[in-house]
Amino acid sequence: LDGGKKVCHFRLNFVEVIKTGGETKKEYHYLPCVIWDTAAEYICNNFKMGDLIEIKDATARRDMWKTESGEKRSKIVFRINDFAAI
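Criteria and thresholds
Residues numbered from 1 in each chain as written. Predicted model: local features only at pLDDT ≥ 70, side-chain atom pairs only at ≥ 80, totals over all residues. Heavy atoms only, no water. Phe/Tyr/Trp six-rings, centres within 6.5 Å; stacked < 30°, edge-to-face > 60°. Helix = DSSP H or I, 4+ residues; strand = E, 2+ residues; numbered from the N terminus. Buried < 20%, exposed > 50% of the residue type's maximum accessible area, 1.4 Å probe, protein only. Lys NZ or Arg CZ within 6 Å of the ring centre and 35° of its normal. Disulfide = S-S within 2.5 Å. Salt bridge = Lys/Arg side-chain N within 4 Å of Asp/Glu carboxyl O.

(A) Local environment of the packing of aromatic side chains. For the structure shown, the criterion picks out three aromatic pairs. Aromatic side chains Y42 and F83 sit 6.1 Å apart centroid to centroid with 35° between the ring planes, which places their arrangement in the tilted category. Here F83 lies in strand 4 (residues 72–85) and Y42 lies in helix 1 (residues 37–46), a separation of 41 residues in the sequence. A residue is classified by how much of its surface remains accessible, and Y42, at 41% relative accessible area, is partly exposed. One aromatic cluster is present, built from ring pairs that chain together Y42, F47 and F83. The ring centre of Y30 lies 4.9 Å from the NZ or CZ of R11, which sits over that ring.

(B) Focus on the state of the cysteines. Throughout the structure, instances matching the rule amount to zero disulfides. Counting only cysteine sulfurs, C8 is the nearest neighbor of C33, a cysteine outside any disulfide, at a range of 9.6 Å.

(C) Representation of the pattern of salt bridges in the model. Enumeration over the complete set of coordinates arrives at three salt bridges. The shortest N-O distance in the salt bridge between K25 and E27 comes to 3.5 Å. A relative accessible area of 27% means that E27 is categorised as partly exposed. We note a salt bridge from R73 to E71, for which the minimum N-O separation is 3.4 Å. Take R73: its relative accessible area is 40%, and that puts it in the partly exposed class. Since its relative accessible area comes to 42%, E71 is described here as partly exposed.

As structure tokens, this is what we get:
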């Protein structure tokens, strides 16, 4: 970014196992995440899709914007504050 600030956007995947009756079902979820500065550079240089990461601390934030047609949109994004490689 301007001023040399680093940012890394990625999606964190997790699997939820749901057991009902005698049946087991898996649901896959993807959480949008963002990380800043030297941690962003570290993530981008040392991780690839499918690598495991432990999120130790994160903050949920709502990003809000308007589309070109003026519709309001929003989504929850998790700002990663602390993590560890697994």
